[in-house]
Structures are given as structure tokens and as C-alpha cells.
Amino acid sequence: MKPNKRDVMWISALGIALLITLGFVYDRHFAPEWKDYQDEFREMIAEKYGEARAAQVPAGVQQIWVKELNRVDRCTTCHQGVEWKGMESAPEPFRTHSKEPLAKHPISKYGCTVCHGGQGYAVDTESAHAVAVEHWEEPLLGAEMAAAYTVSDRNALLQVNCNGCHRYDRETKGADVINRGKQLIAEKGCRACHVINGRGGTVGPNLTNVGELSPEQYDYDRLNGKKSVFAWHMAHFKDPKAMSPATVMPNFGLNSKDAQALTLLVMSWKRRALPVEYIPGFQQADVPTPEEQRRESEMLTGKGAFFVRKGCFICHDVSSFGIQSASKIGPDLSIAVTDVQSRFGRTLEDFLAQPTGTMAVVLSTQIHLSNEERAEAIEKLHEAYKIKEAESGKAAQGEARKGK
Ligand code: HEC
Ligand code: HEC
Ligand code: HEC
Ligand code: HEC
Ligand code: HEC
């Protein structure tokens, strides 16, 4: 049978399509994306330093295997200039790495992904940078993610990974956003209500590993816009009640930058399976500073020792006894006798027996007062009030005299 013209045309068209496909597969296999980058890098080196140096540029898939961290990073397959001198102004992926981070963390011992994120084993840009991946830890914490999360400092996200190892540092050079977050933790007295690294109160949840909660564990019903753990924390820090209406967590009036610093900090708090030599200053719990300890022991021997012993001073000043709270989350208890009356329309005795709001949570979770202790608190608060009254009386007399 003679094949008709149409069949011949179809068969040749198919044949050509098959050839093109094969050619493409062949090209991708033998000339993958990274090969183009390696060729380009070698040309740049040849141009700058001559053919002899260019011949030293390694060819083929490169990888850094860090056994201790259980990582195989092939980023240097494309990022070949990382350890070369003189490529500081080359475009990526050819640029010399900035010195500071690698001086303290040689890539042979750290690889790349412990700091940057990304998928170490991948050798095409899209999978290596993994920016389209849903989860937080995996994507490259670079410019694109910073834009997606509207973080102004493109290196801020990276600092989440720095703190995976540096969480016990009070301050880490090169991690300014995280450092600001740590400063806020101390300034705002978050430990009054939260255990962090083994130390703190129990009014709120333990935050030591709060960064491990998965995105599904958050309730996004009250969140407008992009729904992510990052966005939830941002909204919660700016106004805790907006995310958790029944919460007793105070609104600290944080600006966006500070809310961001705290968000990145709490997201960095997770258990990491790291060998001890990778954790600087490792210790089980944060230790109070000598200054904090001195102040506390001084107050433990004074007239208001009761309020220090029971932990009230974590949130309250009792100024007439010289008691200073670092966080000042609650009001000065020196005027509680009248203040409770005017704010709650109840006597102090009544309020402490049947507390409402934050104190209801505090006295049911964190501090137990026996009947005797409650009586002691009330007696002491009356005493504190008398001192306050006498002081303000004197001050008023002084004012009156000056006025004459
Ligand atoms: C197939 C080649 C290739 C591989 C593999 C690769 N990269 Fe890149 N990388 C690039 C190119 C090209 C650019 C510049 C264009 C861009 O930003 O996408 C770049 C840019 C970057 C940047 C700067 C851009 C930003 O968003 O901040 C960082 C950081 C980076 N890569 C880190 C990594 C890490 C970490 C790995 C390993 C997990 C890796 N890369 C693997 C090709 C690659
Ligand atoms: C100790 C943490 C750390 C390690 C390990 C590390 N980097 Fe970086 N890298 C940084 C920091 C921090 C910056 C931003 C530094 C700066 O701008 O001074 C950076 C910047 C970069 C940039 C430029 C990003 C930009 O925004 O322009 C690239 C690309 C990059 N690193 C790739 C790599 C590769 C590839 C490796 C592994 C061979 C690696 N890094 C290992 C911390 C690290
Ligand atoms: C995998 C764990 C790990 C990661 C991730 C990491 N570091 Fe480190 N870093 C260490 C260890 C361990 C040391 C202590 C090295 C030594 O003692 O010589 C150190 C040392 C340092 C030092 C020097 C401290 C000193 O007292 O000399 C600085 C600064 C530093 N890191 C900043 C950073 C920054 C910024 C990042 C993120 C870009 C980062 N580190 C990421 C583990 C890590
Ligand atoms: C007066 C007590 C109190 C103080 C002070 C306080 N919190 Fe909270 N916090 C809570 C309570 C209660 C919750 C649980 C309800 C909620 O989500 O708000 C909470 C929830 C949280 C959560 C969410 C926890 C989770 O499981 O996802 C984070 C994160 C947090 N607080 C961080 C902080 C930080 C950081 C500070 C200091 C700037 C702080 N808190 C100060 C009481 C407090
Ligand atoms: C975790 C922080 C925290 C601790 C610890 C704490 N309080 Fe409070 N307390 C508060 C807050 C916040 C308020 C304000 C409550 C409100 O406005 O609903 C408050 C209110 C009060 C009031 C009412 C004061 C007024 O002027 O209205 C009294 C009285 C009081 N607390 C006593 C105590 C005593 C006694 C202790 C120790 C046994 C204690 N508190 C421990 C946070 C705390």
C-alpha cells in the first residue's frame, strides 16, 4: 500500500517534534543552568586574572557537606565567587561573600543554608532558593521574602537563623533586629507572664519554643490581608486583643519596627538539633544580671519584702516601700487602697478575694495567696498608702509654703 501524502506529513511532523524534545532534554542534561553560570564565571576570571587562574575554577556540581549539621549545600555550584578575592562588585551569583559572617563561620564548617535558608541539595535557582515553597524555614531568607513579608531591612529575616544558634547571647553583632527584640523583652517585662529559656511567669504560654508552632495552630479569623504566622504575630504585638480578645497581654504601643523585631525574635525560638559546639554561650536558662540580682536582694530585706517574695514586684511598683518593677505592667500598689475603689467600685479586700481581669489570671495561675498572705498583703497595702498620703501631704504643705 502506498502511503498517502497526509500520513507522511504527520509522521515527519511527529519526528521533528520528537527530535526537538530530545534535543532539549539533552541540552538540559548536559548543559544545565549551573553550567552556564560556571562558564560565565570562568570567563570573568580569565578576563581579570588570565587563563591560568581560570583553569583553577572547579567544574561540575560543587558541594559542602557538614556532617555535624546534617547538611549538604550545593549553593557554591553557582555561587562560585564566594571565597574568591576581587569579585566584590561582580553580579550575583558570582560575587565575593562579605567577609564578616564567614570569618566567624567558615563555610567548610557551616555551609550556607544554616544562615540563608534555601534547599541545599538543589542545583537550579528556583528549587535552591525555594522562594515559592509555602513553609517559613525552607525558602531563602533574602530580598524576595523580605518583600513578601514587607520587612524593610532585607537582611532582617536572615537574623532569625542567626538566632537559632545565638539565642543565649544578650547581643549578637550583625543581628541588630534580633538584638532590638531582646532589648524589648527585658524592657517590657515579658517574663512577668512568660517563661523564656526556663525563667519567667506562667500567666501566658511558655515562649521558649514558640517558633515551632505550625501555621495551622494559629487562628487567622481576625487577620486581614496575608495570613501567615509572621502576620499573626505582627498584629498580636500591635494589639493583642485584636487577635485574642480575652487576653490579658497588655498593648505595649509598639511601632511597626519594634513589633517586627519581636516577631522575628519569637519566630527564631525553636528547638534545634545542634551539636553543643555550634551553640555559643550555651546554658540551660538565662541568668539574671548582677544588677538585677542586687536590686532584688536589696528589696528582699526592706519593708516591702512581702511583694518581692511573692513576685508582685515583677509587675507592680510599691513606691512608698522603695520597690521598683522593671516592667511596670500593673499600677503602683502604693495607692491601691483608693485606686481600686475608684477604678472597680470595690474595696481592696473584696478585689483581692475576688479579683477580675489580669489579677484573676495571675492569682489563679502564677501566684497563690493563702488567706493569711492575702490578709498580710492588705495590711501592707494600707501601710504603703499611709506613707504615700503622708508624703503627698508634706509635699502639698511644701507647695503651700512656697506659694506664700
Ligand atoms: C543554579 C544556580 C544557583 C544555585 C544552585 C543557587 N543560587 Fe543563589 N543566586 C543565583 C542567581 C542567578 C542569583 C541572582 C539572581 C537572583 O537573585 O535570583 C542568586 C542570588 C542569591 C542571593 C541574593 C539574592 C537575595 O534574594 O538576597 C542569595 C542570598 C543566594 N542566591 C543564596 C543562595 C543559597 C543559600 C543557595 C543554596 C541553597 C543558592 N543561592 C543556590 C543562582 C543560584
Ligand atoms: C554565618 C552565616 C552565613 C553563612 C554561613 C553564609 N552566609 Fe551568605 N550572607 C550572610 C549575611 C549576614 C549576609 C549579608 C551580609 C552583608 O550584607 O554584609 C550574606 C550575604 C550573602 C549574599 C548576598 C546577598 C545580598 O543580599 O546581596 C549571597 C549571595 C550569599 N550570602 C551567599 C552565601 C553562600 C552561597 C554561602 C555558602 C557558601 C553563604 N552565603 C554562607 C550570612 C551567611
Ligand atoms: C549553626 C550555628 C550558627 C549560626 C547559624 C550563626 N552562628 Fe554566629 N557563631 C556560632 C558559633 C558557635 C560561634 C562561636 C565561634 C567561636 O567561638 O569561635 C559564633 C560566633 C559569632 C560571632 C563572634 C562572636 C564573638 O564573641 O566573637 C558573631 C558576631 C556571630 N557569630 C554572628 C552571627 C550572625 C550575625 C549570624 C547570622 C547571619 C550567625 N552568627 C549565625 C554559631 C552560629
Ligand atoms: C500580663 C501578662 C503578659 C505580658 C506582660 C506579656 N504577655 Fe504575651 N501573652 C499573655 C497571654 C495571657 C497570652 C495568651 C493569649 C494571647 O494570645 O494573647 C500571650 C500570648 C503571647 C504570644 C503568643 C503565644 C502563642 O502561643 O502563639 C506571644 C508570642 C507573646 N505573648 C509574646 C509576648 C512578649 C514578647 C511580651 C513582652 C513584650 C509579652 N508577651 C508580654 C500574657 C502576657
Ligand atoms: C503578671 C503581672 C502581675 C503580677 C505578678 C501581679 N499583678 Fe496585680 N495587677 C496587674 C495588672 C496588669 C493590674 C491592672 C489590672 C486591670 O487594670 O485590670 C493589676 C492590678 C492589681 C491591683 C489593683 C490595683 C489598682 O490600683 O487598681 C492590686 C491590688 C494588685 N494588682 C495586687 C497584686 C498583688 C498583691 C500581687 C502579688 C501577690 C500582684 N498584684 C501581682 C498585674 C500583675
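1. Here's the deal with the overall build of the protein chain
Along the backbone of the protein chain there are 19 helices and two strands. Against the compact-globule benchmark of 22 Å for 404 residues, the protein chain has a radius of gyration of 31 Å, which places it well outside the compact range. Taking all contacts inside the protein chain whose residues are at least 6 apart in sequence as the whole, residues at least 24 apart take part in 48%.

2. Quick look at the site of ligand 1
Neighbouring ligand 1 are 25 residues, the closest being Cys75, Cys78, Gly118, Ala128 and Gly142. Broken down by secondary-structure element, the contributors of at least two residues to the shell around ligand 1 are α2 (33–49), α6 (113–116), α7 (125–129) and α8 (143–148).

3. With respect to the domain arrangement of the protein chain
Domain boundaries in the protein chain define domain 1 (35–140), domain 2 (174–278) and domain 3 (290–396). Taken over C-alpha atoms, the centre of domain 1 sits 58 Å from the centre of domain 3.

4. Remarks on the site of ligand 4
Surrounding ligand 4, one finds 26 residues, the nearest of these being Cys190, Cys193, Gly204, Ser244 and Thr247. Contributing elements (two or more residues each) for the shell around ligand 4: α10 (176–187) and α13 (256–268).

5. Details of the environment of Asn251
Inspection of the secondary structure assignment puts Asn251 in the loop between α12 (240–243) and α13. What Asn251 contacts, discounting residues up to four positions off in sequence, is Asp239 and Pro240.

6. Digging into the environment of Ala186
Its location among the elements puts Ala186 in helix α10. In this structure Ala186 comes out as partly exposed when scored by C-beta crowding, with 15 C-beta atoms within 10 Å. In sequence terms Ala186 and Tyr278 are 92 residues apart; their C-alpha atoms lie 25 Å from each other.

7. Regarding helix α11 (residues 229–238)
Summarising burial for α11: seven of the ten residues are buried, a large majority. Where α11 is buried, its residues meet α12 and α13.

8. Considerations on the packing of α10 against α13
For the pair α10 and α13, interaxial distance at closest approach is 8 Å and the crossing angle is 95°. When the axes of α10 and α13 are compared, the pair comes out roughly perpendicular. Contacts from Val177, Ile178, Arg180, Gly181, Lys182 and Leu184 in α10 reach Asp258, Ala261, Leu262, Leu264, Leu265 and Ser268 in α13.

9. Focus: unusual backbone geometry
Cis geometry is adopted by the peptide bond preceding Pro93, which originates at Glu92 and carries an omega value of 10°. Relative to the elements of secondary structure, Pro93 occurs in the loop between β2 (71–73) and α4 (99–104). Even without glycine at this site, Asn197 takes up a positive phi of about 50°. On the basis of neighbour counts, which here come to 18 C-beta atoms within 10 Å, the residue Asn197 falls in the partly exposed class. Even without being glycine, Lys328 reaches a positive phi, approximately 50°. Position of Lys328 relative to the elements: it lies in the loop between α15 (305–309) and α16 (336–344).

10. What to know about the packing of helix α9 (residues 158–166) against α13
Relative orientation of the contacting elements α9 and α13 amounts to 45°, with a least axis distance of 8 Å. What the angle tells us is that α9 and α13 run oblique. Pair α9 / α13 crosses with right-handed handedness. On α13, the residues that touch Gln159, Val160, Asn163 and Gly164 of α9 are Leu264, Leu265, Met267 and Ser268. Taken together, the residues that form the contact of α9 with α13 break down as four nonpolar, four polar and no charged.

11. A few points about the environment of Pro139
The residue Pro139 is located in the loop between α7 and α8 in this model. Residues Pro139 and Thr347 lie 208 residues apart in sequence; the distance between their C-alpha atoms is 57 Å.

Parameters at a glance
- Residues numbered from 1 in each chain as written.
- Chains lettered and ligands numbered in written order.
- Predicted model: local features only at pLDDT ≥ 70, side-chain atom pairs only at ≥ 80, totals over all residues.
- Helix = DSSP H or I, 4+ residues; strand = E, 2+ residues; numbered from the N terminus.
- Rg over C-alpha atoms; globule rule 2.2 N^0.38 Å.
- Contact = placed C-beta atoms within 7 Å.
- Near = placed C-beta within 6 Å.
- Domains from an automatic or database assignment.
- Buried ≥ 20, exposed ≤ 12 C-beta atoms within 10 Å, placed from the backbone.
- Axes fitted to C-alpha atoms, helices over the stretch in contact; angles between N-to-C directions.
- Parallel < 35°, antiparallel > 145°, perpendicular 65-115°, else oblique.
- Left-handed = near helix turned anticlockwise from the far one by under 90°.
- Nonpolar A, V, L, I, M, F, W, Y, C, P; charged D, E, K, R; others polar.

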